[in-house]
Amino acid sequence: MSRASGSRSQQVPMGAPIQAIRLVVVFLVLALLAGATIYRLVSIQVFKHDSYSTRAEQQYRDTHDLPPDRGLIVDRRNRPLVENLENYGSIGVRKSRLDDRSMTIARLADELEMNSRQITRKLDSDAPFVWIARKVTPLKANRIENMNLPGVEVVRETKRSYPYGENAGQVVGHVNIDNLGGSGIEQLCEDVLAGRPG
């Protein structure tokens, strides 16, 4: 009996080492997370400081003029001979802000129903900003805007509409893709109709 009770008193409870191991594992996980966070902070604030500083300065100084609505042309009874259709969007890319070029090209090509090679050719130009598509439908413009693709900009524009079509076309004229008068009254009265960007 005394031997049995003596052997029981010499056994170490199993719960103590398991708790110690758990504590060490939790400590190591927390140390790894803290180390990763510190590494990331040092990487951003020290090693990549110039890159982020340049980006921030570009965003701060980057200005865009809002295109004005083009003036209306009306007949003697004040009925419009031309109308401005709202919310059309032109899709452009500011290349300095582009993150994943191939993914952006693929998504734009899919949404705009364009060939990806066309978009690639436009992006290969030396210009810092390139138009990908002009005056797309409001639905497509909204979809692309909701994608939140870095570097992709949707500029809201109006599109000129001629309710009388060919009937008044020779006199009223037309505008080009940039809303500049190309012929007729549209061209003759360009200074009055164009408005001022603001």
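Since the model is a prediction, treat every value here as computed from it, not as a measurement. (Residues numbered from 1 in each chain as written. Predicted model: local features only at pLDDT ≥ 70, side-chain atom pairs only at ≥ 80, totals over all residues. Heavy atoms only, no water.)

A.B. asks: Requested: an account of the overall build of the protein, with residues and values cited.
C.D. replies: Within the protein one finds nine helices and five strands. For the protein, the N- to C-terminal ordering of α and β elements is α-α-α-β-α-α-β-α-β-α-β-β-α-α. When contacts within the protein are restricted to residue pairs at least 6 apart in sequence, long-range pairs at least 24 apart make up 65% of them. Carbon and sulfur atoms make up 56% of the accessible area of the protein, which totals about 14,400 Å². (Helix = DSSP H or I, 4+ residues; strand = E, 2+ residues; numbered from the N terminus. Contact = heavy atoms within 4.5 Å. Areas by Shrake-Rupley, 256 points an atom, 1.4 Å probe, with all protein chains shown as cover.)

A.B. asks: Any chance you could break down helix α4 (residues 101-112) for me, citing the residues and the numbers?
C.D. replies: End to end, α4 covers 16 Å across 12 residues, agreeing with the expected 16 Å (1.5 Å per residue, within 8%). Within α4, burial applies to T104, I105, L108, A109, E111 and L112. For α4, the secondary structure elements touched by its buried residues are β1 (83-94), α5 (116-123), β2 (129-136), α6 (138-147) and β3 (152-161). E113 occupies a position one or two residues after α4 and carries a positive phi of about 55°. (Expected span 1.5 Å × (residues − 1). Buried < 20%, exposed > 50% of the residue type's maximum accessible area, 1.4 Å probe, protein only.)

A.B. asks: Mind laying out the pairing of β3, listing which residues take part and the relevant values?
C.D. replies: Across the 10 residues of β3, seven count as buried, placing the element largely inside the fold. Sheet topology places β1 next to β3; nine bridges connect them, and they run antiparallel. Bridge assignment links G89 to a residue of β3, and that residue is R156. (Pairing = 2+ DSSP bridges.)

A.B. asks: Lay out the pattern of salt bridges with the relevant residues and their values.
C.D. replies: This model, assessed by the stated rule, comprises 12 salt bridges. For the salt bridge of E186 with R70, the shortest nitrogen-to-oxygen distance reads 2.9 Å. Residue E186 is located in helix α8 (residues 184-188), and its partner R70 is located in the loop between α3 (49-61) and β1; the two are separated by 116 residues in the primary sequence. For R79, the salt bridge is made with D75, and the minimal N-O distance between the two is 2.9 Å. R79 gets classed as partly exposed once you look at its relative accessible area, which sits at 39%. (Salt bridge = Lys/Arg side-chain N within 4 Å of Asp/Glu carboxyl O.)

A.B. asks: Outline a nonpolar patch on the surface, supporting the account with residue identities and numerical values.
C.D. replies: Where nonpolar side chains cluster on the molecular surface, the patch consists of I21, V25, V26, V29, L30 and L33 and spans about 550 Å² of accessible area. In this fold, L30 is placed in helix α2 (residues 15-47). (Patch = residues over 30% accessible without salt bridge, like charges linked within 9 Å, V, L, I, M, F, W, Y side chains within 5 Å.)

A.B. asks: Explain the sheet that holds β2 to me, and be specific about the residues and the numbers.
C.D. replies: What the three strands build is an open sheet, ordered β2-β1-β3; its pairing is antiparallel. If you trace the sheet from one side to the other, it starts and ends with β2 and β3, each paired once. Here the strands of the sheet are splayed against their neighbours by 30° on average, with no regard to which way each runs. One ladder, built from five bridges, connects β1 with β2; its direction is antiparallel. (Axes fitted to C-alpha atoms, helices over the stretch in contact; angles between N-to-C directions.)

A.B. asks: Account for the nonpolar core, naming residues and giving values.
C.D. replies: Judged by nonpolar contacts, the single largest core of 20 residues is most densely connected at I91, V93, L108, L112, I119, L123 and I132. Listed by contribution, the elements that provide at least two residues to this core are β1, α4, α5, β2, α6 and β3. Leave out the neighbours within four places in its chain, and I119 touches I105, L108, A109, M114 and I132. Formed by six residues, the second largest nonpolar core is a distinct cluster that contains I73, L81, V82 and A168. (Core = buried A, V, L, I, M, F, W, Y, C linked by side-chain atoms within 4.5 Å.)

A.B. asks: Report on the packing of aromatic side chains, specifying residues and quantitative values.
C.D. replies: Given two aromatic rings, their pairing is described by the distance between the two centres and the angle made by the two planes. Enumeration over the complete set of coordinates arrives at one aromatic pair. Centre to centre, the rings of F129 and W131 are 5.1 Å apart; their planes meet at 85°, and the pair counts as edge-to-face. You can call F129 partly exposed: its relative accessible area is 21%. Between R134 and the ring centre of W131, over which it is positioned, the NZ or CZ distance is 4.4 Å. (Phe/Tyr/Trp six-rings, centres within 6.5 Å; stacked < 30°, edge-to-face > 60°. Lys NZ or Arg CZ within 6 Å of the ring centre and 35° of its normal.)

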